[in-house]
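# Structural overview for review
One letter stands for each residue in the lines below.
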Amino acid sequence: MKKVLESMEYVDSEFINEAENYSPKKKNHWWIKYFSAVACLCLIVGLAFAVSKTKSSVNSLSVQAAELGKEEYQFGVALPVILYADDTYVIFYDFRGIYTYSFSKESLEGYVDFRKLKMDRIQGDNPTFVNVSQNGKYVFFYNNSQNYVYDVVKNEYMDASYYEEIEKDIYYISTIGFGEDLSISDGQRTYIGADGSYLAVELDLENLSEDDCPRYKNMYILRKTDDIFQKYYVFE
Amino acid sequence: MEDNEIVQLYLERDENALKWTSEKYGARLRNISYGITKDYQTSKECENDTYLEAWNRIPPNEPKDYLFAFLTRIVRHISIDSCRKKCALKREHYIVSLSEELENCIHGANDVEEMIDAKSLGEAINRYLHVVSLEKRVMFIRRYFYLDSISDIAKRMNISESKVKTTIFRVRNNLRVYLEKEGFAL
């Protein structure tokens with residue numbers, strides 16, 4: 001029986017030295033572990049909160065925009081102006097922000113709130129200028145001190161550090177026929193060319209109240225397809 | 001003094017070799033022996049016997065690169081022998097139980113002594129130890145070479161006793177599988 005233990009005499013010298021000289025890694029003090037765990041937890045909670053807040057803010061933007069119609073919001077001095085339109089959606093803006101309306105979903109899909117960015121001036125001193133890219137996927141809005149790009153597809157905006165690089169792709173609305181005014185008009189059709197195709201879209205109002213103050217809830221998009229006009233109520 | 005210089009003194013039959021060995025490794029050898037015998041006086045005797053044995057073995061051995069391991073093997077052997085011979089130490093049971101613990105690795109061997117050559121078994125264990133992690137290897141060597149208790153290993157490695165027990169248990173089981181593959185399953 002003793003030979004089994006004796007066989008250990010034949011283990012390599014390096015193992016013998018190794019076991020003799022082995023020094024374990026210093027264990028962290030409990031409080032280091034504790035604070036590390038707490039710090040990690042805080043970081044995770046913080047990140048989760050930030051992510052959820054970002055998501056909720058994107059959602060709440062749409063809700064806010066939709067609520068414009070419910071809360072008797074009146075238009076300001078400048079009425080909404082169409083920026084871009086094609087078969088799938090129309091983009092327009094006013095001093096409150098930029099709006100993207102989807103024809104297929106028949107709902108407001110995106111909204112950039114200018115008030116949150118303190119860019120809610122589109123006239124007067126330091127106005128906010130708005131341009132859209134040729135493909136209708138990006139909207140650039142800026143004033144003297146702020147530059148942003150609104151990604152229509154992602155429905156989010158970011159600092160527009162690359163604004164100048166794609167400025168050449170700015171989409172200039174072409175109108176044919178009646179009037180140059182792209183804002184809400186009375187009976188005038190705005191024909192907008194996008195990718196070589198032309199369609200008729202305009203913003204219009206109906207059912208104005210007795211005080212004759214146009215409100216968001218009164219607005220609709222009138223779209224002409226195959227000689228048929230269809231109304232889309234944006235803020236319902 | 002470097003190990004190779006000490007060994008050179010042995011080879012030249014210079015008695016200063018013993019002095020330098022004692023100076024450099026005396027305390028550690030005594031500690032190893034004490035770990036096995038748990039008797040201070042016996043560990044002193046084992047230490048001295050180790051010097052004598054080293055004197056006799058060098059030459060022909062020339063452990064220039066592994067002097068400490070060489071001395072450790074000797075002091076371990078002498079210490080285990082002392083435990084077996086000196087009933088008063090009451091350490092035989094500990095040695096036997098450790099031996100049985102390790103023997104379980106060679107399942108089915110009722111009379112291992114007769115059937116297995118210790119050297120070839122040692123070499124097989126060596127090969128196995130090459131493939132296990134450092135921590136596991138250290139635990140295994142501390143337990144079955146230095147014959148440390150579980151609590152001593154736990155203190156030395158700054159881990160819990162249960163972890164030591166569990167790890168050693170697993171290493172033993174894996175060793176058993178390995179030895180079976182190597183043809184040691186009898």
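Values in this document were obtained by computation on a predicted structure and should not be read as measured data.

Within the largest apolar cluster, 60 residues are counted, with the highest numbers of intra-cluster contacts made by Met8(A), Val11(A), Leu129(B), Phe140(B) and Ile141(B). For this core, the leading source of residues is helix H4 (residues 67-85) of chain B, giving 10 residues. With residues near it in sequence (within four places) discarded, Met8(A) still touches Arg76(B), Leu102(B), Ile125(B), Phe140(B), Ile141(B), Tyr144(B) and Phe145(B). Of all hydrophobic cores here, the second largest spans 20 residues; its members include Tyr101(A), Val201(A), Ile221(A) and Phe235(A).

Between chain A and chain B, the contact holds 25 residues from the first and 43 residues from the second. For the pair chain A and chain B, the summed buried surface comes to about 3,400 Å²; carbon and sulfur atoms form 61% of the total. Here chain A is connected to chain B by four salt bridges. Between Arg28(B) and Glu20(A) there is a salt bridge, with the nearest N and O atoms lying 3.7 Å from each other. Our enumeration of links across chain A and chain B arrives at 13 residue pairs in polar contact (both at pLDDT 80 or more). Mapped onto the side of chain A that touches chain B, the elements with two or more residues apiece are helix H1 (2-6) and helix H2 (13-21) of chain A.

Let us look at H2(A). Ser13(A), Phe15(A), Ile16(A), Ala19(A) and Glu20(A) are the residues of H2(A) that are buried. In an axial view of H2(A), the angular spread of the buried residues amounts to 165 degrees, which keeps them on one side of the axis.

Before going further, it helps to spend a moment on unusual backbone geometry. In this structure, Pro59(B) follows Ile58(B) across a cis peptide bond, with omega equal to -15 degrees. With respect to the element layout, Pro59(B) can be found in the loop between helix H3 (40-57) and H4. Put simply, Pro59(B) and Pro60(B) share a cis peptide bond, and its omega is 15 degrees. Looking at the element boundaries, Pro60(B) is found in the loop between H3 and H4. Its identity is not glycine, yet Lys118(A) carries a phi of approximately 55 degrees, on the positive side. Structurally, the position occupied by Lys118(A) is in the loop between strand S4 (107-113) and strand S5 (129-133). A positive phi angle, close to 55 degrees, is found at Asn155(A), a residue other than glycine. The residue Asn155(A) is located in the loop between strand S7 (147-151) and strand S8 (156-159) in this model. For Asn155(A), a relative accessible area of 11% translates into the label buried.

To continue, consider the side chain of Arg76(B). With respect to the helices and strands, the residue Arg76(B) is situated in helix H4. Residue classification places Arg76(B) among the buried positions, given a relative accessible area of 1%.

Our next topic: helix H10 (residues 161-181) of chain B. Given 3.6 residues per turn, any residue in an α-helix points the same way as the ones three and four places further on. Residues and elements named next belong to chain B. The first and last C-alpha atoms of H10 sit 30 Å apart over 21 residues, in line with the 30 Å expected at 1.5 Å per residue. Along H10, the positions that sit buried rather than exposed are Val164, Thr167, Ile168, Val171, Arg172, Leu175 and Leu179. Taken end-on, H10 shows its buried residues confined to a sector of 140 degrees, consistent with a single buried face. With respect to the buried face of H10, the exposed residues turned more than 90 degrees away are Lys165, Arg170 and Lys181. Phi for glycine 183, located one or two positions after H10, is positive at around 95 degrees.

What counts as what
- Residues numbered from 1 in each chain as written.
- Chains lettered and ligands numbered in written order.
- Predicted model: local features only at pLDDT ≥ 70, side-chain atom pairs only at ≥ 80, totals over all residues.
- Heavy atoms only, no water.
- Core = buried A, V, L, I, M, F, W, Y, C linked by side-chain atoms within 4.5 Å.
- Buried < 20%, exposed > 50% of the residue type's maximum accessible area, 1.4 Å probe, protein only.
- Helix = DSSP H or I, 4+ residues; strand = E, 2+ residues; numbered from the N terminus.
- Contact = heavy atoms within 4.5 Å.
- Buried area = accessible area lost by both parts, 1.4 Å probe.
- Salt bridge = Lys/Arg side-chain N within 4 Å of Asp/Glu carboxyl O.
- Polar contact = N/O pair within 3.5 Å; in protein donor to acceptor, adjacent residues only side chain to side chain.
- Arc of directions from axis to C-beta.
- Expected span 1.5 Å × (residues − 1).

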